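So you can see what is in the structure, the chains are spelled out below.
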Amino acid sequence: MTVQHEAPSTGAAEALEVWIDQDLCTGDGICAQYAPEVFELDIDGLAYVKSADDELLQDTGATTPVPLTLLQDVVDSAKECPGDCIHVRRVTDKVEVYGPDAE
């Protein structure tokens with residue numbers, strides 16, 4: 001896997017969550033193409049994360065867990081997003097590991 005920075009020190013089993021900054025979302029839908037289980041475009045034309053039971057989470061800053069089986073798709077979504085609005089962070093300390101604020 002190619003990453004923008006060093007992998008988290010605790011390894012691939014680290015619990016991650018993802019959220020979208022709708023203020024920066026351009027509505028291109030690339031995220032929903034890469035990971036439709038995690039992202040969806042709403043009627044307003046913006047992307048949102050979905051809960052594990054497929055419910056659209058429209059609250060500002062809403063997060064959803066990143067399933068390990070979909071990690072690469074979510075990372076690719078963050079990398080390819082023209083709005084740089086997808087943020088993937090560790091659940092334990094809220095440090096962004098993929099996305100525009102990752103080091």
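The rules we used
- Residues numbered from 1 in each chain as written.
- Predicted model: local features only at pLDDT ≥ 70, side-chain atom pairs only at ≥ 80, totals over all residues.
- Heavy atoms only, no water.
- UniProt positions renumbered as here; feature names shortened; annotations may be inferred.
- Buried < 20%, exposed > 50% of the residue type's maximum accessible area, 1.4 Å probe, protein only.
- Helix = DSSP H or I, 4+ residues; strand = E, 2+ residues; numbered from the N terminus.
- Arc of directions from axis to C-beta.
- Contact = heavy atoms within 4.5 Å.
- pLDDT = per-residue confidence, 0-100.
- Core = buried A, V, L, I, M, F, W, Y, C linked by side-chain atoms within 4.5 Å.
- Polar contact = N/O pair within 3.5 Å; in protein donor to acceptor, adjacent residues only side chain to side chain.

Going by what an unreviewed UniProt entry lists, the protein is known as Ferredoxin and is assigned to Streptomyces flavochromogenes. Here is the UniProt Cofactor (unreviewed entry) comment for the protein, exactly as written: "[4Fe-4S] cluster". Taken directly from UniProt, the Function (unreviewed entry) text for the protein runs: "Ferredoxins are iron-sulfur proteins that transfer electrons in a wide variety of metabolic reactions."

Chemist: I would appreciate a short explanation of helix α2 (residues 71-80) in the present structure.
Modeler: Among the residues making up α2, those that are buried are Leu 71, Val 74, Val 75, Ser 77 and Ala 78. Looking straight down α2, one finds its buried side chains confined to an arc of 155 degrees; they lie on one side. Residues of α2 that are buried make contact with β1 (16-20), α1 (30-34), β2 (39-41), β6 (86-90) and β7 (96-98).

Chemist: Any chance you could explain the confidence of the model for the protein here in plain terms?
Modeler: Of all residues in the protein, 87% have pLDDT values of 70 or greater, and the mean over the chain is 90. Residue range residues 1-10 is modelled with pLDDT below 50. Its contacts to residues more than four positions away, or to other chains, number 16 contacts.

Chemist: Got a minute to help me understand the nonpolar core in this structure?
Modeler: Counting 24 residues, the largest nonpolar core has Val 18, Phe 39, Val 74, Ile 86 and Val 88 as the members making the most contacts within it. Every element with two or more residues in this core is listed here: β1, β3 (47-50), α2, β6 and β7. It is α2 that provides the largest number of residues to this core, a total of 4 residues. Setting aside its immediate chain neighbours within four residues, Val 88 contacts Leu 16, Glu 17, Val 18, Val 66, Val 74, Val 95, Glu 96, Val 97 and Tyr 98.

Chemist: Sorry if this is basic, but what is going on with the side chain of Arg 89 here?
Modeler: Among the structural elements, Arg 89 can be located in strand β6. One polar contact links Arg 89 to Glu 17, side chain to side chain, over a distance of 2.7 Å. Not counting chain neighbours up to four residues away, the residues in contact with Arg 89 comprise Ala 15, Leu 16, Glu 17, Trp 19, Thr 63, Lys 94, Val 95, Glu 96 and Val 97.

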